[in-house]
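These are the residues of each chain, in order.
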Amino acid sequence: EKACLKFRMKTQNHNLKTSDHVHIKLVEYSPRHTSDEFCWIVVPGFLQYSQSQTFIDLCLDISSSLKANVFCIDLRGTGESEGRFSFGESEYLDVAAAVHFAKQKFKKVKLLGFSLGAYSSLRTHCASSELADELYLVSCPSSVTNILWQGHGLKHCLSLIYQKQHFQKHRNFGLRWGNPFTSKPDAEKFAAAAQVPTHFLAGSKDFLVPPTMSSKIFGAIRSGAKTWRVIEGGHHAELLYLSHPKDFKDWLVSP
């Protein structure tokens, strides 16, 4: 089935340069029947990248089922992008470069960020309000520092070990080298600047970014155009799509 989707889909690689001169890769999925009204930009989190099987499947599915152009970005230090992963300090510049590129063709850009990709997506818009027209944030953390100090990383690893089906679905991931304690603001401190519809999705069994962490960011957004949803029994970030694909796509259509 996925081979058939690829056959009906045009894929193209784009090489972009960020404002701080880092070269990053952007992969485009284009169905045969689409419009230039809007596109999606998918922003993976810490362990994932554009060519991990999870995100290939996800982008093919979204592009096919929603009949929309989908871009997936390799953040700095991941996949085929240059630079070093900075755990949220500079990745928002990568997202900004992708949005600038997409807006040359599409009227509206929807950002779909996962975990640290969600943090970077929100920060991108809050730093420049004209960037992104709608935000979809999955398992959005306040910062990686809070995750580490509160012991959520260990809890998440243990949960995956005890639930092998989720661990096995986390395929083609890669570890990132860098300093997780680089200087960066907590998401609650800049979330008030959000001016576009912002939609949060969390998993009730997410031990890495508990719903309570994301809900603090949700509460800091002053704009009334925001929504909140929790998938019961759902885990972290892309695992929500893998274990609850229908619920996940329903959320994209009607958050």
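Everything that follows concerns the structure shown earlier in this document.
Residues numbered from 1 in each chain as written. Predicted model: local features only at pLDDT ≥ 70, side-chain atom pairs only at ≥ 80, totals over all residues. Heavy atoms only, no water.

**A few points about the overall build of the protein**
Within the protein, the secondary structure is distributed over 11 helices and eight strands. Looking at the protein as a whole, 56% of its 255 residues qualify as buried. Expressed as a percentage of contacts within the protein between residues at least 6 apart in sequence, the contacts between residues at least 24 apart total 76%. Per element, the accessible surface of the protein, about 11300 Å² overall, is 53% carbon and sulfur. (Helix = DSSP H or I, 4+ residues; strand = E, 2+ residues; numbered from the N terminus. Buried < 20%, exposed > 50% of the residue type's maximum accessible area, 1.4 Å probe, protein only. Contact = heavy atoms within 4.5 Å. Areas by Shrake-Rupley, 256 points an atom, 1.4 Å probe, with all protein chains shown as cover.)

**What to know about unusual backbone geometry**
Peptide bonds are mostly trans, and most non-glycine residues show a negative phi. One non-glycine residue, Phe87, adopts positive backbone phi at about 60°. Residue placement: Phe87 occurs in the loop between β4 (69-74) and α3 (91-102). Residue classification places Phe87 among the buried positions, given a relative accessible area of 7%. Backbone geometry places Ala132, a non-glycine residue, at a positive phi of 80°. Within the secondary structure, Ala132 sits in the loop between α4 (116-127) and β6 (134-138).

**A short note on α4**
Compared with an ideal rise of 1.5 Å per residue, which puts 12 residues at 16 Å, α4 spans 16 Å between its outermost C-alpha atoms and is within 8% of the ideal. With 11 of its 12 residues buried, α4 lies for the most part within the structure. Listing the buried residues of α4 in full gives Leu116, Gly117, Ala118, Tyr119, Ser120, Ser121, Leu122, Arg123, Thr124, His125 and Cys126. (Expected span 1.5 Å × (residues − 1).)

**Observations regarding the pairing of strand β8 (residues 226-231)**
In the sheet, strand β7 (residues 198-203) pairs with β8 via six bridges, with the strands oriented parallel. By the bridge assignment for β8, His199 is matched with Thr227. (Pairing = 2+ DSSP bridges.)

**Some points on the environment of Val22**
Examined against the element boundaries, Val22 turns out to sit in the loop between β1 (9-17) and β2 (23-31). Classification of Val22 by relative accessible area gives buried; the value is 11%. For the pair Val22 and Arg76, spaced 54 residues apart in sequence, the C-alpha separation works out to 7.4 Å. Excluding anything up to four places from it in sequence, Val22 contacts Leu16, Lys17, Arg76, Glu82 and Gly83.

**Considerations on the side chain of Ser223**
Topologically, Ser223 is positioned in the loop between α9 (211-220) and β8. In this structure Ser223 comes out as buried when scored by relative accessible area, which is 17%. A distance of 3.2 Å separates a polar side-chain atom of Ser223 from the backbone nitrogen of Ala225. (Polar contact = N/O pair within 3.5 Å; in protein donor to acceptor, adjacent residues only side chain to side chain.)

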